[in-house]
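# Observations on the three-dimensional arrangement
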Amino acid sequence: MEAEGIDRCNEQPQNLRGNSGLVLVGTLLGQKHHYICDRIVLQDFCYKFQDTKDSIKMSVYETASFVFVSVMQKDKLSLWQLKRGTSNPRLLSQPFTRFNDYWIPQEPRWVSFADDRSTLRFILAVFPAEATAIGIKNSKVHAVPVDKLTALYQSTSRRLQYESNAAAAAAAAASSHTISQSVSFPELPIDTTLAAMEWTSLIQLPFYPTIQPSTLTEDYSIPPTYNTVVTSSPHMAADPVALTSTASPQLFFATLGRQSYIIDLSGRLFTTQVYVWTHEPQHIEFIELDDWCVVGFSRNCVELLRLKTAEQVHRIMNGVAISYLGRWESDTKSKVARAVCWSCTTPQDVTQIYMLQPRSQV
């Protein structure tokens, strides 16, 4: 397939990049350049989406047979699809076709996709006041309720506020020359004013999570068996048993400000664990290191939380400008990142690129 506007030549490749096979080739006239990777001209697989002027963001969803692209504009989301080639599914040799347009009231904070384990079903559009699931076939809009999250969100916010006030009081006492033997920590007022709940993102979990059994909610657990109860210690209650993945609806990682929860699209909690971030994440990924971890990319740091326990594993790049770059997947079926990449800009105006991946992949 010959792309228009691409002039080829027999000049020696320039700017060879390692062993990746990616080279930049100049033209006979020296005015145009194009990339070749493993004898494939990459511009041959460049597409233009019609009527997408002033687009803001693109999101991609892939299966073994199709590629879907959502193009965000100020007042609508456009969904495009393309069927993979049969000879080489990694190459997209046909143009994208428009699947549907979905009108939205304002620019969303976050856009992603949701499936039913086999077929793409929804586009998830997250606004500050609500998170919505838009049916890709019928365009019906379903708002994800948060009433089951409110009490847990407020109690966690009060605890975080108290811990912040206590840390400030301790720091002030430590810096004082008249330090008493006991530090008086502030009491939390009953009528503490909390910030309104605002959505940040909603992401479908790419796998069924393993969580501490004691934190599972009634909606997603069954009582322990009789044998387990009678053989367990009388001083410790037997833990419930999680529902199997086949008996459970799809689960999502919902983030509101600095707090994240595992829920379904009806707003039911999977676990009472709250994933608390140091800073509000602008992007979230999941990666398996020694254990499954959630990676949050804020504007000024990268933070890792353990998915099973919600405890912080590590916080890096603190205090520098962070930009999430992308992820690498081993195949289109897993939907799980094998590595994630980001860049940071130092105070000396130097940009550095980092990659996080399991040791087994290094």
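Residues numbered from 1 in each chain as written. Predicted model: local features only at pLDDT ≥ 70, side-chain atom pairs only at ≥ 80, totals over all residues. Heavy atoms only, no water.

### Describing the overall build of the protein chain
What counts is decided by this rule: What counts as a helix is a DSSP run of H or I of at least four residues, what counts as a strand is a run of E of at least two, and both are numbered from the N terminus. Only protein chains enter the area calculation, which uses a 1.4 Å probe; residues under 20% of their type maximum are buried, those over 50% are exposed, and those in between are partly exposed. The contact rule is simple, with two residues in contact once any of their heavy atoms fall within 4.5 Å. Each accessible area is a Shrake-Rupley result for a 1.4 Å probe, and residues are judged covered by the shown protein chains and nothing else.
A count of helical and extended segments in the protein chain gives two helices and 24 strands. Split into buried and exposed, the 362 residues of the protein chain put 38% on the buried side. Partitioning the intrachain contacts of the protein chain with sequence separation of at least 6 by distance along the chain shows that 47% fall at a separation of at least 24. For the protein chain, the accessible area works out to roughly 21100 Å², and carbon and sulfur atoms hold 52% of it.

### Description of the nonpolar core
The criterion, for reference: By nonpolar core is meant a set of buried Ala, Val, Leu, Ile, Met, Phe, Trp, Tyr and Cys residues that side-chain atoms within 4.5 Å join together.
The biggest cluster of nonpolar side chains holds 39 residues, and the ones touching the most others in it are Trp-199, Leu-202, Phe-253, Tyr-261, Ile-262 and Ile-263. Of all elements in the fold, only strand S8 (110–115), strand S9 (120–126), strand S10 (131–135), helix H1 (147–175), strand S12 (199–204), strand S15 (252–256), strand S16 (259–263) and strand S18 (283–288) reach the threshold of two or more residues within this core. Counting residues per element, this core draws most heavily on S15, which supplies four residues. When sequence neighbours within four positions are dropped, the list of residues in contact with Tyr-261 reads Leu-149, Leu-152, Tyr-153, Phe-252, Phe-253, Ala-254, Leu-256, Leu-269, Gln-273 and Val-274.

### Some thoughts on the packing of aromatic side chains
For the record, the criterion: For this analysis, a ring pair means two rings from Phe, Tyr or Trp (six-membered ring only for Trp) whose centres lie within 6.5 Å, classed as stacked if their planes differ by under 30 degrees, edge-to-face if by over 60, and tilted for the remaining angles. Distance and angle both matter: a charge sits over a ring if NZ of Lys or CZ of Arg is within 6 Å of the ring centre and within 35 degrees of the ring normal.
Per the counting criterion, the structure on display carries 15 aromatic pairs. On the basis of an interplanar angle of 70 degrees and a centroid distance of 5.2 Å, the ring pair of Phe-49 and Trp-80 is categorised as edge-to-face. Separated by 31 residues along the polypeptide, Phe-49 in the loop between strand S3 (40–41) and strand S4 (57–62) and Trp-80 in strand S6 (residues 76–83) bring together distant segments of the chain. Note on accessibility: Phe-49 and Trp-80 belong to one class, buried. Aromatic pair Phe-49 and Phe-96: ring centres 5.2 Å apart, planes at 55 degrees, arrangement tilted. In this pair, Phe-49 is assigned in the loop between S3 and S4 and Phe-96 in the loop between S6 and strand S7 (97–103), connecting sequence segments 47 residues apart. When sorted by exposure, Phe-49 lands in the same class as Phe-96, which is buried. An aromatic cluster is built from Tyr-61, Phe-66, Phe-68, Phe-99 and Phe-113, whose rings are joined through pairwise contacts. Here Lys-57 stacks its cationic end above the ring of Trp-110, 4.9 Å away from the centre of that ring.

### Some words on the confidence of the model for the protein chain
Defined as follows: Confidence of the prediction at every residue is given by pLDDT, a number between 0 and 100.
When pLDDT is averaged across the protein chain, the result is 80; 76% of the residues are at 70 or more. Confidence, expressed as mean pLDDT per element, reaches its minimum in the protein chain at helix H2 (residues 226–231) with 59 and its maximum at S15 with 97. Throughout residues 1–19 the model reports pLDDT below 50, and contacts reaching past four residues in sequence, or to other chains, amount to 36 contacts.

### Some details on the environment of Val-302
Within the secondary structure, Val-302 is located in strand S20 (residues 302–306). For Val-302, a relative accessible area of 0% puts it in the buried group. Setting aside its immediate chain neighbours within four residues, Val-302 contacts Val-295, Gly-296, Phe-297, His-314, Arg-315, Ile-316, Met-317, Ile-322 and Trp-342.

### Let's talk about the side chain of Ser-78
Convention followed: Whenever two N or O atoms come within 3.5 Å, that pair is a polar contact, provided that in protein one can donate a hydrogen and the other can accept it, and provided that, for residues adjacent in sequence, both atoms are side-chain atoms.
Examined against the element boundaries, Ser-78 turns out to sit in strand S6. Within the structure, Ser-78 has its side chain in polar contact with the side chain of Asp-101 (distance 2.9 Å). Other than its neighbours up to four places away in sequence, Ser-78 contacts Val-69, Ser-70, Val-71, Gln-73, Arg-98, Asn-100 and Asp-101.

### Looking at the pattern of salt bridges
Side-chain pairs of opposite charge can arise whenever the charged atoms involved come near each other. For clarity, the threshold we go by: Salt-bridge detection follows one rule: a side-chain nitrogen of Lys or Arg within 4 Å of a carboxyl oxygen of Asp or Glu.
Throughout the structure, instances matching the rule amount to nine salt bridges. Linking Glu-198 and Arg-109 is a salt bridge whose minimum nitrogen-to-oxygen distance equals 3.1 Å. Highlighted residues: Glu-198 in the loop between H1 and S12 and Arg-109 in the loop between S7 and S8, separated in sequence by 89 residues. The partner of Arg-121 in a salt bridge is Asp-116, with the nearest N and O atoms 2.8 Å apart. According to the relative accessible area criterion, Asp-116 is partly exposed, its value standing at 30%. Through salt bridges with shared partners, a single ionic network connects Asp-51, Lys-76, Arg-98 and Asp-101.

### Some thoughts on the sheet that holds S6
Hydrogen bonds along the backbone pair up the strands of a sheet, which may run parallel or antiparallel. Rule in force here: By definition, two strands form a pair when at least two bridges between them are found by DSSP. Axis lines are fitted through C-alpha atoms, for helices just across the contact stretch, and the angle between N-to-C directions can take any value from 0 to 180 degrees.
In space, the four strands of this open sheet follow the order S4-S5-S6-S7, with antiparallel pairing throughout. Edge positions in the sheet fall to S4 and S7, since each of these pairs with one other strand and no more. Averaged over all pairs of adjacent strands, the angle between their axes in this sheet comes to 20 degrees, without regard to strand direction. Sheet analysis places strand S5 (residues 66–72) next to S6, joined by seven bridges and oriented antiparallel. Within S6, the residue paired with Val-69 across the bridge is Trp-80.

### Looking at the sheet that holds S9
The antiparallel open sheet is built from four strands, whose spatial order is S8-S9-S10-S11. Every other strand in the sheet has two partners, leaving S8 and strand S11 (141–143) as the edge strands with one partner each. The mean angle between the axes of side-by-side strands here comes to 25 degrees, regardless of whether they run parallel or antiparallel. Where S8 lies against S9, six bridges are found, and the strand directions are antiparallel. Counterpart to Ser-112 in the pairing with S9 is Leu-124.

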